[in-house]
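Survey of secondary and tertiary structure
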Amino acid sequence: MFSTKDAFKQQFLEKYEIMYGKSFEESTLPELYNTLGQMVREYVSHAWIETNERNRANHKKQTYYFSIEFLLGRLLGSNLLNLGVQDVVEAGLKELGVDLREVEEQEVDAGLGNGGLGRLAACFLDSLASLSLPGHGVGIRYKHGLFDQRIIDGYQVELPEQWLRNGNVWEIRKASQSIEVKFGGDIQVSYGNGPLMFHHINAETVTAVPYDMPVIGYENKTINTLRLWSAEPSQFRPDKGDVMKYKRETEAISEFLYPDDSHIEGKILRLKQQYFLVSAGLKNIVRTYLKNNDHLSDFHNKVAIHINDTHPVLAIPELMRILMDEHGMGWEEAWHITTNTISYTNHTTLSEALEKWPISIFKPLLPRIYMIVEEINERYCRGLWDKYTGDWKRIEEMAIIAHGVIKMAHLAIVGSHSVNGVAKIHTDILKEREMKLFYDYYPTKFNNKTNGITHRRWLIKANPELARTISEAIGDKWIAKPEHLSALLPFANDAGFKQKAYEVKYQNKLAFARQIKQLTGIAIDEHSIFDVQVKRLHAYKRQLLNILHIMYLYNRLQEDSNFSITPHTFIFGAKASPGYYYAKKIIKLINTLAAKINDDPKTKDLLKVIFVENYRVSLAETIIPAADVSEQISTASKEASGTGNMKFMMNGAVTLGTMDGANVEIHEEVGPGNIFTFGLTAEQVLAYQRNGGYRAIEYYHHDQSLNQVINQLINGFFPVPAHEFETIYDSLLVQNDEYFVLKDFGTYVRAHEKVGEAYRNRDQWLEKSIINIAKSGRFSSDRTIQEYADEIWGITRS
Ligand code: 26V
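Just so it is clear, the structure is predicted and the values come from calculations on it, not from any experiment.

1. Quick notes on the overall build of the protein chain
Helix and strand counts for the protein chain stand at 33 helices and 25 strands. In summary, the protein chain has a C-alpha radius of gyration of 27 Å against a globular reference of 28 Å for 798 residues, a match within 12%. By the burial criterion, 60% of the 798 residues in the protein chain qualify as buried. Contacts in the protein chain between residues far apart in sequence, at least 24 positions, make up 76% of those at least 6 positions apart. If you sum the accessible surface of the protein chain, you get close to 31200 Å²; carbon and sulfur atoms cover 50% of it.

Spelled out as structure tokens, the structure:
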């Protein structure tokens, strides 16, 4: 149906009439989107079945990527791209008077994730399929993704997200493959001749219904599966009274995605979500496995299960439970299979983000799972005792259960065969500091897998003109082998190519400026530097450092008529967790600053601040290609990797960043002349944290311009109530600036001066920009996934 433009047109019109029972002349854009989506879904069904059959027939080992988040964004455009039918569809629609872009914009982002962790899962699915690897996603079909953000009077206001409001053309409900998941109840032990038998009685049962979405490989006929589970009332529930309450509580399990905030601990519903995902996912995998295999002893050679952070860590005790209680396996064999099946990625070293569950919540909700975790802990601590006899302190620190809580990261390390960090520096910090005791005990489990991003969505789809320009210069081999982008290096000194790269960036900036004008009414100068910081709002990411610097520039421009800067547009986008008070104040501060300076006659041609509302994947796809400068300014040692940094680089933005996360590897690739770094190193930060010695107040007293901007937070400079920004002020001076904003301020200002200077020399700037693009191949998630496949999962192309 997509072989020629005319065939497409004919089928499209037919399909439209069948679906809507009216003529094309009366069509609306949402209907056209649905029609096209439905056609694509049907078109892939044959290859989808074939992929599954191929996998079954050749008994390939399969990977299942368990993640509580998949931040997919829109799918129509990337599906058309990967199927290789984008041009035919675009041309066909054009002849019908329809703009494909407008059709794509009808799609609501699938926003089932908070940020980096969820988007990484989505990039990984794209790479698995595009490398023809047998790897599938397992997640939750939340009715509502991450909240929608509105800015009202400068404040963030949250609204429930509604991605399913017009249906979802990409999913297929598979009610016949539903699974029962059990919560609560009691455990009855029976003593027969053989091993002990455990029976789960009086449990509350919930039905998990799978919805499958195709994951389409790039021009390779591979269609993998993302299986998302939805919670529904069970038909098998024993009569236990209040049915309405039961229905409500059941459906609540897959109703909302939790925003990441530090108050999540102790939320019983979150723990329910985690077990729901893991139990449904695993029972389903074991059921499928047993259709093709007689016994489970070889399970770990045919199945790899990856847990994306600790959220799905109950996969470890749940797999033990299935093997022992449902299939009569002994502990030792079940443990061998479980640990060899499961691998784990850590995504943060921030202690407040490490999951701990109080026993008081865990045990009543998951009584059998708790027994198994206790047994795992006991056997493991016995092993620790053998090695570290008498060293109580160490054993207490390494235990899975201690002081009334279960430490999920400890369970993940003990119950898996591989633990990886997401960038070199992050893995080193895990090994040498945060998880040092575990690294000493299990030296071979730890490894690094530096994150990546799919160049198909983030370059070919998001920036088609740049992709075309690259292919004109070096051919299109880089599409299948992104490391071949390095062939672009010689073009960093090619005047013709530079001119083209300049044009592409300029057009992208123009398009974004138009969008901003439409969304906010603010006119921005497309010749100014587009300096962008878009990411979740967290203190450690230091949006505050960026703001203080803008305030500093504003003050200088006001006070010193000899001072001048390269015109700058500072662009922010960020959601704050609803319960994260400080982060919300930062959003108010950005908006207050924008309101104050954007119309100031003295500075308005040099300085603009834009806050884009409701930052999400689809917005990132228009912002990133338009960026000149990529702000990656986290306190060193705090950002595990970052992945936005890679997207910007691939689109020709130059990084202004600390030596943190994958910025270190970007620096290594492009060399010091093509990135602007500043600030404390990770070692320095960690040393201050250990030994003390940092006094923020001294920087406030000794740096006159810093003193001024900090005072402006509370002295009436902003037209807001007196206490509006007091929390921010206090975080710097009363709480001694936990994230070293004041300490790094001076070097940040100087780094910005260098950026401005470099930008003024267009030729030099384009050289840096092109070198960044040429060196970005290493950060394709194809490279990352190939490493996971070879070194952790042991899977090969199907
Ligand atoms: C959660 C929380 C919750 C409590 C308050 C502080 C806090 C801070 C961070 C988080 C997120 C933890 C997991 C996460 O999303 N990590 C991100 O994973 C990305 C993919 O590996 C990586 O690029 C980011 O650097 C990392 O922050």
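Having seen the model, we can carry on.
2. Some words on the layout of surface pockets
Computed from the structure, the second largest pocket encloses a volume of approximately 840 Å³. The wall of the second largest pocket is formed by 30 residues, among which Asn52, Arg56, Gln62, Tyr64 and Thr288 lie closest to the centre. When contributions to the lining of the second largest pocket are tallied by element, the ones reaching two or more residues are α2 (29–57), β1 (62–66), β4 (135–140), β12 (223–233) and α8 (268–292). Top contributing element to the lining of the second largest pocket by residue count: α8, with 7 residues. In terms of residue class, the lining of the second largest pocket is made up of 9 nonpolar, 14 polar and 7 charged.

3. So, the pairing of β1
In terms of burial, β1 is largely enclosed, as 5 of its 5 residues are buried. In this sheet, β4 lies alongside β1 in parallel orientation, the contact comprising 4 bridges. Bridge pairing links Thr63 to Gly135 in β4.

4. Some words on empty space enclosed by the protein
Applying the stated criterion to the full structure yields 3 cavities of 30 Å³ or more. Considering only enclosed or pocket space, the largest cavity measures out at about 250 Å³ in volume. Considering the residues around the largest cavity, the lining is formed by 19 residues, among which Leu75, Ser78, Asn79, Asp126 and Val215 are closest to the centre. Looking at the lining of the largest cavity, the elements that each hand over two or more residues are α3 (76–83), α6 (116–130), β11 (204–216) and α18 (455–461). For the lining of the largest cavity, the per-class residue count stands at 11 nonpolar, 4 polar and 4 charged. Empty space within the second largest cavity amounts to approximately 70 Å³. Lys535, Lys541, Gln632, Ile633, Ser634, Glu639, Ser641, Gly642, Asn645, Asp660, Gly661 and Asn663 together form the lining of the second largest cavity. Its residues assigned to classes, the lining of the second largest cavity comprises 1 nonpolar, 7 polar and 4 charged.

5. Observations concerning a negative patch on the surface
On the surface, a cluster of negative charge is made up of Asp87, Glu90, Asp99, Glu102 and Glu105. Within the secondary structure, Glu102 is located in helix α5 (residues 100–104).

6. Here's the deal with the UniProt feature "modified residue: N6-(pyridoxal phosphate)lysine" (unreviewed entry) in the protein chain
Per the UniProt record, "modified residue: N6-(pyridoxal phosphate)lysine" (unreviewed entry) is annotated on Lys647. Locating Lys647 in the fold gives a position in helix α25 (residues 644–650). The buried category is assigned to Lys647, whose relative accessible area is 7%.

7. Here's the deal with the sheet that holds strand β22 (residues 607–612)
Read across the sheet, 6 strands follow the order β22-β21-β20-β23-β24-β25 without closing on themselves; strand pairing throughout is parallel. The sheet is open, and its two borders are formed by β22 and β25 (676–677), each paired with just one other strand. Where strand β23 (residues 629–632) and strand β24 (residues 654–657) come together, 4 bridges link them in parallel fashion. Within the sheet, the bridge partner assigned to Gln632 lies in β24 and is Gly657. Contacts between helix α22 (residues 543–559) and the sheet are confined to β20 (529–534), β21 (568–573), β22 and β23, with β21 contributing the most and set at about 155° to the helix.

Rules behind the numbers
- Residues numbered from 1 in each chain as written.
- Predicted model: local features only at pLDDT ≥ 70, side-chain atom pairs only at ≥ 80, totals over all residues.
- Heavy atoms only, no water.
- Helix = DSSP H or I, 4+ residues; strand = E, 2+ residues; numbered from the N terminus.
- Rg over C-alpha atoms; globule rule 2.2 N^0.38 Å.
- Buried < 20%, exposed > 50% of the residue type's maximum accessible area, 1.4 Å probe, protein only.
- Contact = heavy atoms within 4.5 Å.
- Areas by Shrake-Rupley, 256 points an atom, 1.4 Å probe, with all protein chains shown as cover.
- 1 Å grid on protein atoms, 1.4 Å probe; cavity = no way out; pocket = protein on both sides within 12 Å on 5 of 7 lines; lining within 4 Å.
- Points joined across faces, edges and corners; volume = space filled by probe spheres on them.
- Nonpolar A, V, L, I, M, F, W, Y, C, P; charged D, E, K, R; others polar.
- Pairing = 2+ DSSP bridges.
- Patch = residues over 30% accessible without salt bridge, like charges linked within 9 Å, V, L, I, M, F, W, Y side chains within 5 Å.
- Salt bridge = Lys/Arg side-chain N within 4 Å of Asp/Glu carboxyl O.
- Lys, Arg positive; Asp, Glu negative; His and termini not counted.
- Charge placed at Lys NZ, Arg CZ, Asp CG, Glu CD.
- UniProt positions renumbered as here; feature names shortened; annotations may be inferred.
- Axes fitted to C-alpha atoms, helices over the stretch in contact; angles between N-to-C directions.

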